[in-house]
Amino acid sequence: MAPKTPQQTTIPIEGMHCASCVLRVEDSLKKVPGVSKVAVNLATEQATVAFDPEVSALDSLYQAIENAGYHPRPEAAEMPALQEEIHEREERLLWRKLLFAAVIGVMLMLLAQYQHFPLVSRLPMAAMTVSSFLLATPVQLWAGWQFYTGAWSRARHLAADMNTLIAVGTSAAYLYSIVATFAPGLIESANVKAEVYFDTAAVIIALILLGRYLEAKAKGRTSAAIKRLIGLQAKTARVVREERESDIPIEQVVVGDIVIVRPGEKIPVDGVVLDGRSAVDESMITGESIPVEKNPGDEVIGATINKTGSFRFRATRVGKDSVLAQIVRLVQEAQGSKAPIQRLADVVAAYFVPAVITVAAVTFAIWLIWGPAPAFTYALLNAVAVLIIACPCALGLATPTAIMVGTGKGAESGVLIRGGESLETAHKINAIVFDKTGTITVGAPALTDVVPAGGWSEDELLRLAASAERGSEHPLGEAIVAAARERGLELGEAREFAALPGLGVEATVEGRRVLLGNLKLMEESGLPLDVLRAEGERLSAAGKTPMFVAVDGRPAGIVAVADTVKPGAAAAIAHLKEMGIEVVMITGDNRHTAEAVARQVGVDRVLAEVLPPDKAQQVRLLQDEGKTVAMVGDGINDAPALAQADVGIAIGTGTDVAMEASDITLMRGDLDGVATAVALSKRTMHTIRQNLFWAFFYNVVLIPVAAGVLYPLFSHTGVPAVLEPFFGRYGFLNPILAAAAMALSSLSVMTNSLRLRGFRPAAG
């Protein structure tokens, strides 16, 4: 009995702010019976969970998230517009709190320097401190309330996160200042004066809110690709029902509806053209800028734009089954996935907040016992600086933000990347195996050469050959007929048509007896080929299929047909070779034909006469050579090889089976997308490494600085004047600057990831 495929769901989550939050939610969800896989993404604020619905219901997943101290928002997953509205509402509230905290913070900093202002310097000190208390309290308890609710939510489950660090740090400064204001005798002594730090607490909150606000804006830009894709969809469709045309919402279109599209309109859903002709701009789906001609029988894709003519089509895929919906789903899944490189950050995050609280406590104790006078003040400020400067946010955002932007940029370029693991593996590729038919070549025979002899012209030779093949259903015959029609040649009627299995055809056209077929047919008919024999050998050597034509018992020439190489294939393969990647071609064709095609496109290594079941084995042999192998294909028989490869790349114009087996899907039929996928992967991984380096470097360097490690260097000489605004006289980091540094650290990771939006697709 085959194992059941687990159900997958995506749950938006409210309240996550750092890598520790992610770990907390993941651990809670993994404990739910029936859950097989969990990926929580800080950048998208979503959890993707694979589970067995017969073992656990969705409610148990929601409860697990609640138990971790966070709030699931399942209704937002079904309604992207609602999710967007929630984010915008939160962003507006964040902006109001930021503005309030910033204005009050500036006022408090001015009050702290009141002795420099003649108008207020005469007022009693107590009036200044009470005024500071009245101003700081709404900042602490309104603008900063979210830190308390977040910290309490985690504390109820015996856990701590970023909110805990901020709440403890700012509360320490705020509560100490209250004591200094209303009960200074508890603090003051011969060597200690009761100082207030209301301005420090308020400005720290303002700076952290600034960081979160800018982070929220940047997150919105990282998901811009998804928003653009969703926004492509038409809102209405003009359908014909009961012989009447009517405009209806796109949600009401059903499979089988006849839809009318006029010039300049968006095609509402996927379908097949019934009548009419047009050119359609598919760039928003495939990245291809040149409009594609559409004729009866051709497929059209929803959300693409009809440019010139009008046509009617039958709807074949609507709603979640449409190509656009599938692309959106693939990109969302990719953006919610994790890359293996993130595991190190996850491990660090699991211990980060408890470790920081421990360091802050030790810092306080050391400075209280051994610090210079006033020891309590230095101990308090250094402990607050440690709590505030520590930033698990940057660790949590380093990988997912880059993956979000990278996969979104890929989708805009017609390259769909299934997930973070595929993206990470793709940058290691050093060998790419291309299936020949339908990947390097067009996948359908086309006329390539017309070689007349015996006084015949090219057009007349082709016209007679096409007329003879008019009744044939053989693909080679259809290619000849199609070429003649493209040239505008008028075909004659074929009489006494006879197909000669393994040889060719014969027919009477306009009173002439026409024989069309291979060399064996000519030899069996006793026809002298002379120079045509050598011409046929030349065409065969080039990977083409020569078909000899004889009229009334005399050789008339050759028409050659081949599965032609895709435009740009040679340039794309050359680009890959420039990137240091070995290019291999695999095919079931004979070696003679395969090597001819390989020469045209510049492939040096050819695996010919490989049966479909053996393609996966050939990929495995390459892997045994120590290579990281990508397989590019488009057919059902490519699916096992795509699955075997380290990275399977499916041509989107191929079958759904191949697309399901692949890690990367190219929405266009050309091969430039392969180089684009590899280059995008390399660029994204480079960005992730930069992000992780700076996230680790920031915490490793600045937490000790905040703890006061610079004091021994400057305790006797003092800090250089240029550094004194940052480190005071003896090298102690101002907690306000610690808050600014913390805000900038996560913002730097976000902006570095956003640089990926400038990526340009590879052009062969």
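For clarity, every value in this text was computed on a predicted model and none was experimentally measured.

Chemist: For this particular structure, what's the right way to read the sheet that holds strand 3 (residues 46-51)?
Modeler: The strand order 2-3-1-4 describes an open sheet built from four strands, whose pairing is antiparallel. Looking along the sheet, the strands with just one partner apiece sit at the ends: strand 2 (35-41) and strand 4 (71-72). Bridge analysis of strand 1 (residues 7-14) against strand 3 gives six bridges, and the strand direction is antiparallel. Following the sheet pairing, Pro12 is matched in strand 3 by Gln46. Against the sheet, helix 2 (residues 58-67) touches strand 1, strand 2, strand 3 and strand 4, its axis set at about 35 degrees to strand 1.

Chemist: Just checking my understanding: could you explain the nonpolar core for this structure?
Modeler: A general trend in soluble globular proteins is that nonpolar side chains are found buried together. Counting residues in each nonpolar core, the largest one holds 139 residues, and the members touching the most others are Leu29, Ile432, Phe434 and Ile664. If you tally residues by element for this core, the top one is helix 27 (residues 672-707), at 14 residues. Counting residues in each nonpolar core, the second largest holds 26 residues, with Val450, Ala507, Val551 and Val561 among its members.

Chemist: Help me understand the pairing of strand 9 (residues 278-281), please; the structure alone is not making it clear to me.
Modeler: A two-sided burial pattern is seen for strand 9, the buried positions comprising Ser278 and Val280 on one face and Ala279 and Asp281 on the other. Looking at chain direction, strand 9 and strand 10 (residues 292-294) are connected through three bridges and run antiparallel. Along strand 10, the bridge assignment pairs Ser278 with Lys294. Sheet topology places strand 9 next to strand 12 (residues 305-306); two bridges connect them, and they run antiparallel. Residue Val280 lies in a different strand from strand 12, and its bridge partner there is Asn306.

Chemist: Honestly, the environment of Arg689 in this entry has me stumped. Any pointers?
Modeler: Secondary-structure assignment places Arg689 in helix 27. Taking the C-alpha atoms as reference points, Arg689 and Ala398, separated by 291 residues in sequence, lie 8.3 Å from one another. At a separation of 3.2 Å, a polar atom in the side chain of Arg689 contacts the side chain of His427.

Chemist: For this particular structure, what's the right way to read the pattern of salt bridges?
Modeler: Two side chains of opposite charge can pair, provided their charged atoms sit close to one another. Here the structure, examined in full by the defined rule, presents 24 salt bridges. Glu265 is paired through a salt bridge with Arg238; the nearest N and O atoms lie 3.1 Å apart. One end of the pair, Glu265, is in the loop between strand 7 (258-261) and strand 8 (270-276); the other, Arg238, is in strand 5 (residues 236-241), with 27 residues separating them in the sequence. Arg238 gets classed as buried once you look at its relative accessible area, which sits at 17%. One salt bridge connects Arg533 with Glu523, and the closest N-O pair in it is separated by 3.0 Å. Taken together, the residues Arg533 in helix 21 (residues 531-541) and Glu523 in helix 20 (residues 519-524) connect sequence positions 10 residues apart.

Chemist: Before we go on, may I ask you to explain the sheet that holds strand 25 (residues 647-651) in this structure?
Modeler: The pairing of strands in a sheet comes from backbone hydrogen bonds and takes either a parallel or an antiparallel form. If you walk across this open sheet you meet the seven strands as 14-26-25-24-15-22-23, and the pairing is mixed. Edge positions in the sheet fall to strand 14 (415-417) and strand 23 (605-607), since each of these pairs with one other strand and no more. Across the sheet, the axes of successive neighbouring strands diverge by a mean angle of 20 degrees, strand direction being ignored. Taken together, the three bridges between strand 22 (residues 582-586) and strand 23 define a ladder with parallel strand orientation. Note that in strand 23 the partner of Val584 across the bridge is Arg605. Packing against the sheet, helix 23 (residues 591-601) makes contact with strand 22 and strand 23, and its axis sits at approximately 145 degrees to strand 23. Sheet strands touched by helix 27: strand 14, strand 15 (431-435), strand 24 (629-633), strand 25 and strand 26 (664-666). Its angle to strand 14, the strand with the most contacts, is close to 45 degrees.

Chemist: Would you take a moment to explain the packing of aromatic side chains for this structure?
Modeler: Aromatic ring pairs are reported here in terms of the distance separating the ring centres and the angle at which the planes meet. Enumeration over the complete set of coordinates arrives at 13 aromatic pairs. Aromatic pair Phe100 and Trp142: ring centres 5.5 Å apart, planes at 80 degrees, arrangement edge-to-face. Here Trp142 lies in helix 6 (residues 125-143) and Phe100 lies in helix 4 (residues 80-112), a separation of 42 residues in the sequence. By relative accessible area, Trp142 is classed as partly exposed at 36%. Between Phe693 and Trp694, the ring centres sit 5.1 Å apart and the planes meet at 75 degrees, which makes this aromatic pair edge-to-face. Taken together through their ring pairs, the aromatic side chains of Phe133, Tyr174, Phe182 and Phe198 make up a single cluster. In this structure, Lys97 packs its charged tip against the face of Trp142, placed 5.8 Å from the ring centre.

Chemist: Got a minute to help me understand empty space enclosed by the protein in this structure?
Modeler: The full count for this structure, using the stated rule, is three cavities of 30 Å³ or more. Of the volumes computed, that of the largest cavity is approximately 60 Å³. Forming the walls of the largest cavity are Leu207, Ile208, Gly211, Arg212, Glu215, Cys393, Met742, Ala743 and Ser746. Breaking the lining of the largest cavity down by element, the ones donating at least two residues are helix 9 (198-222) and helix 30 (735-754).

Chemist: Explanation requested: unusual backbone geometry in the structure shown.
Modeler: Excluding glycine, most residues fall at negative phi; most peptide bonds, likewise, are trans. Positioned with a positive phi, Ala303 is a non-glycine residue whose angle comes to about 85 degrees. The residue Ala303 is located in the loop between strand 11 (299-300) and strand 12 in this model. Located in the positive-phi region is Glu510, a residue other than glycine, with phi close to 55 degrees. Residue placement: Glu510 occurs in the loop between strand 18 (504-509) and strand 19 (512-517).

Reading the values: the criteria
- Residues numbered from 1 in each chain as written.
- Predicted model: local features only at pLDDT ≥ 70, side-chain atom pairs only at ≥ 80, totals over all residues.
- Heavy atoms only, no water.
- Pairing = 2+ DSSP bridges.
- Helix = DSSP H or I, 4+ residues; strand = E, 2+ residues; numbered from the N terminus.
- Contact = heavy atoms within 4.5 Å.
- Axes fitted to C-alpha atoms, helices over the stretch in contact; angles between N-to-C directions.
- Core = buried A, V, L, I, M, F, W, Y, C linked by side-chain atoms within 4.5 Å.
- Buried < 20%, exposed > 50% of the residue type's maximum accessible area, 1.4 Å probe, protein only.
- Polar contact = N/O pair within 3.5 Å; in protein donor to acceptor, adjacent residues only side chain to side chain.
- Salt bridge = Lys/Arg side-chain N within 4 Å of Asp/Glu carboxyl O.
- Phe/Tyr/Trp six-rings, centres within 6.5 Å; stacked < 30°, edge-to-face > 60°.
- Lys NZ or Arg CZ within 6 Å of the ring centre and 35° of its normal.
- 1 Å grid on protein atoms, 1.4 Å probe; cavity = no way out; pocket = protein on both sides within 12 Å on 5 of 7 lines; lining within 4 Å.
- Points joined across faces, edges and corners; volume = space filled by probe spheres on them.

Any functional reading would require information beyond the geometric quantities listed.
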